[in-house]
Amino acid sequence: MQLSDIADDLTDILYTEEQIQDKIAELAARIDADYAGERLLLVGVLKGAVMVMADLARAITLPVEMDWMAVSSYGSGTQSSGVVRILKDLDSDLTGRKVLIVEDIIDSGLTLSWLRANLESRGAASVEICALLRKPAAAKVQVDVRYAGFEIENEFVIGYGLDYAERYRNLRGIGVLAPHVYRD
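On a predicted model such as this, the values are computed, not experimentally measured, just so you know.

I'm lost on the sheet that holds strand S9 (residues 174-177) in this one. Help?
A sheet is described by the order of its strands in space; here three strands give the open sequence S1-S9-S8, paired in antiparallel fashion. The open sheet has two free edges, formed respectively by strand S1 (10-15) and strand S8 (157-158), since each of these has just one partner strand. In this structure, S1 lies alongside S9, joined through four bridges in antiparallel fashion. Along S9, the bridge assignment pairs Asp12 with Val176.

How should I be thinking about the environment of Met69 in this particular structure?
Residue position: Met69 is located in strand S3 (residues 64-72). A relative accessible area of 0% means that Met69 is categorised as buried. Residues Met69 and Arg116, spaced 47 residues apart in sequence, show a C-alpha to C-alpha distance of 12 Å.

What is the right way to look at helix H1 (residues 17-34) in this model?
The periodicity of an α-helix, 3.6 residues per turn, causes residues three or four positions apart to be oriented the same way. Taking 1.5 Å as the rise per residue, H1 with 18 residues should run 26 Å; its terminal C-alpha atoms sit 26 Å apart, in good agreement. Along H1, the residues classified as buried are Ile20, Lys23, Ile24, Leu27, Ala28, Ile31 and Asp32.

Conventions used here
- Residues numbered from 1 in each chain as written.
- Predicted model: local features only at pLDDT ≥ 70, side-chain atom pairs only at ≥ 80, totals over all residues.
- Heavy atoms only, no water.
- Pairing = 2+ DSSP bridges.
- Helix = DSSP H or I, 4+ residues; strand = E, 2+ residues; numbered from the N terminus.
- Buried < 20%, exposed > 50% of the residue type's maximum accessible area, 1.4 Å probe, protein only.
- Expected span 1.5 Å × (residues − 1).

This is how it looks when you write it as structure tokens:
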């Protein structure tokens, strides 16, 4: 689905599909350089990171393994609740592994901070983070992100895996959701 298909639901278009793919390629090149010769496990955070994870994994030229974890701190609202629940755990043993968490967006940082600590406690050799979007103004805790795509304002964004009430994930770009959509 194209951003133009839901123009009435947006107040702004932040990134086109082409801009996102250029940024993914840039992040993948950095990951290739940093992990050359390493055995890397990508851990995608469901559901939002599906698009980022798929495109990033294809852009990385190193052999990588992938696993998925689902955690929730949102419900169907527009603000993080701060309470993290594991909905789906990893299948992989992390002992001695180099792990790269792949995220769609970092808002408050609470979920990601919790997730990093959780994965480190499982014996990973290292746990780094790659996030396509980051909202510095929304941060409640500081999270060290090794690979960050775009910094955005503290607005509610949708598309490219990001949703509102499970809608809009399949948009090819990223836009700002109009308040009338989530206030109705």
